[in-house]
Amino acid sequence: MRVVLIATLLLLAGHAEATQMPIAALPGGTLVYKPVQSLRERRFADLVQQKTDFSCGAAALATVLKQAYWLDVDEHQVIEGMLAHSDQDTVKVQGFSMLDMKRYVESIGMRARGYRIEADTLDKLSIPVIVLMDIRGYKHFVVLQRIDRGWVYIGDPVLGHKRYTLEDFRKGWNGIIFAVIGPGYDKANALLDPPAPLTAKRRIDGFYPVEDAQLMEFGFIQSDFF
């Protein structure tokens, strides 16, 4: 029984990617197909996921280059590029630094700048930037996507999309932002519009019954409601 259960779970995991799900729709039970996204896909939507212990900086930088500048790069390519301009022994122990990222960005013909700014001015940022967080003593690069209504939206290479109150964010942030500057910037890039958090409260708040009048606007006739 246990072997069958494990096999079933593995099979389901293999189909956890986005797919088309048939849904019965009015009238007459007609099937429509709606794209379905797994929780994992939603969590890492538009983000490059970190694959090694020391590559959070590479994954965060790849995310910005792919989404904000439409460059065809992945984590592995960025790692190789940064290793070419860094001390490999230091990287194995401490991971990549902002200086390593700066050198790589400049090697591909773009500019990179680090700025120290006050937390109260973060809401003025109009581009996604990379920041270094101290999470329980662990130094970790993430993408700061936007600030909205006191919430800081983060693209974390390990945890996916997260959001923190500004107060909680300040506790782990070192006060420095790393900005990539260059041609081809997409002002409507996906990082500036992170997905809303998946919470039960949000689902309840967003639910409301559809009235007959609204259905009729979409072509349903009165007899379809009985």
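Rules and cut-offs
Along each chain, residues carry numbers from 1 onward, in the same order as the chain's sequence is written. In view of the model being predicted, local features appear only for residues whose pLDDT reaches at least 70, and side-chain atom pairs are presented and counted only at 80 or more, with totals across whole chains, interfaces and linings using the full set of residues. For side-chain calculations, the full set of non-hydrogen atoms in the structure is used, while hydrogens and water are omitted. Under this scheme, a helix contributes an axis fitted over its contacting stretch, all axes are lines through C-alpha atoms, and angles between N-to-C directions fall in the 0 to 180 degree range. Secondary structure elements follow DSSP: runs of H or I of four or more residues count as helices, runs of E of two or more count as strands, with numbering from the N terminus. An angle counts as roughly parallel when it lies under 35 degrees, as roughly antiparallel when it exceeds 145, as roughly perpendicular when it falls between 65 and 115, and as oblique in every other case. Residues are treated as being in contact if the distance between any of their heavy atoms lies within 4.5 Å. All residues other than Ala, Val, Leu, Ile, Met, Phe, Trp, Tyr, Cys, Pro, Asp, Glu, Lys and Arg, Gly among them, are scored as polar; the first ten of these are nonpolar and the last four charged. At least two DSSP bridges between two strands are needed for those strands to be called paired. Polar contacts, as used here, are pairs of N or O atoms within 3.5 Å; protein pairs need one atom able to donate a hydrogen and one able to accept it. Residues neighboring in sequence count only if both atoms are side-chain atoms.

## A word on the packing of helix α4 (residues 75-83) against helix α6 (residues 98-107)
Here's step 1: Close contact between α4 and α6 brings their axes to 9 Å; oriented N to C, the two are set at 100°. One way to sum up the angle between α4 and α6 is to call them roughly perpendicular. In this structure, α4 uses Val-78, Gly-81 and Met-82 to contact α6, whose residues at the interface are Asp-100, Met-101 and Tyr-104.
Here's step 2: A class-by-class count of the residues in the contact of α4 with α6 yields 4 nonpolar, 1 polar and 1 charged.

## Points about the pairing of strand β8 (residues 173-181)
Here's step 1: Judged from the 6 bridges that link them, strand β3 (residues 111-116) and β8 form a sheet pairing that is antiparallel. By the bridge assignment for β8, Arg-113 is matched with Ala-179.
Here's step 2: As paired strands, strand β4 (residues 129-135) and β8 are joined by 3 bridges and run antiparallel to one another. Its bridge partner being in β8, Ile-130 is matched across the sheet by Phe-178.

## Observations regarding the side chain of Asn-189
Here's step 1: Checked against the element boundaries, Asn-189 lands in the loop between β8 and α8 (200-205).
Here's step 2: A distance of 2.8 Å separates the side chain of Asn-189 from the backbone oxygen of Asp-186, its partner in a polar contact.
Here's step 3: Looking at Asn-189, its side chain comes within polar contact range of the main-chain nitrogen of Leu-191, at 3.1 Å.
Here's step 4: When near neighbours in sequence (up to four residues on either side) are disregarded, Asn-189 contacts Gln-67, Ala-68 and Pro-128.

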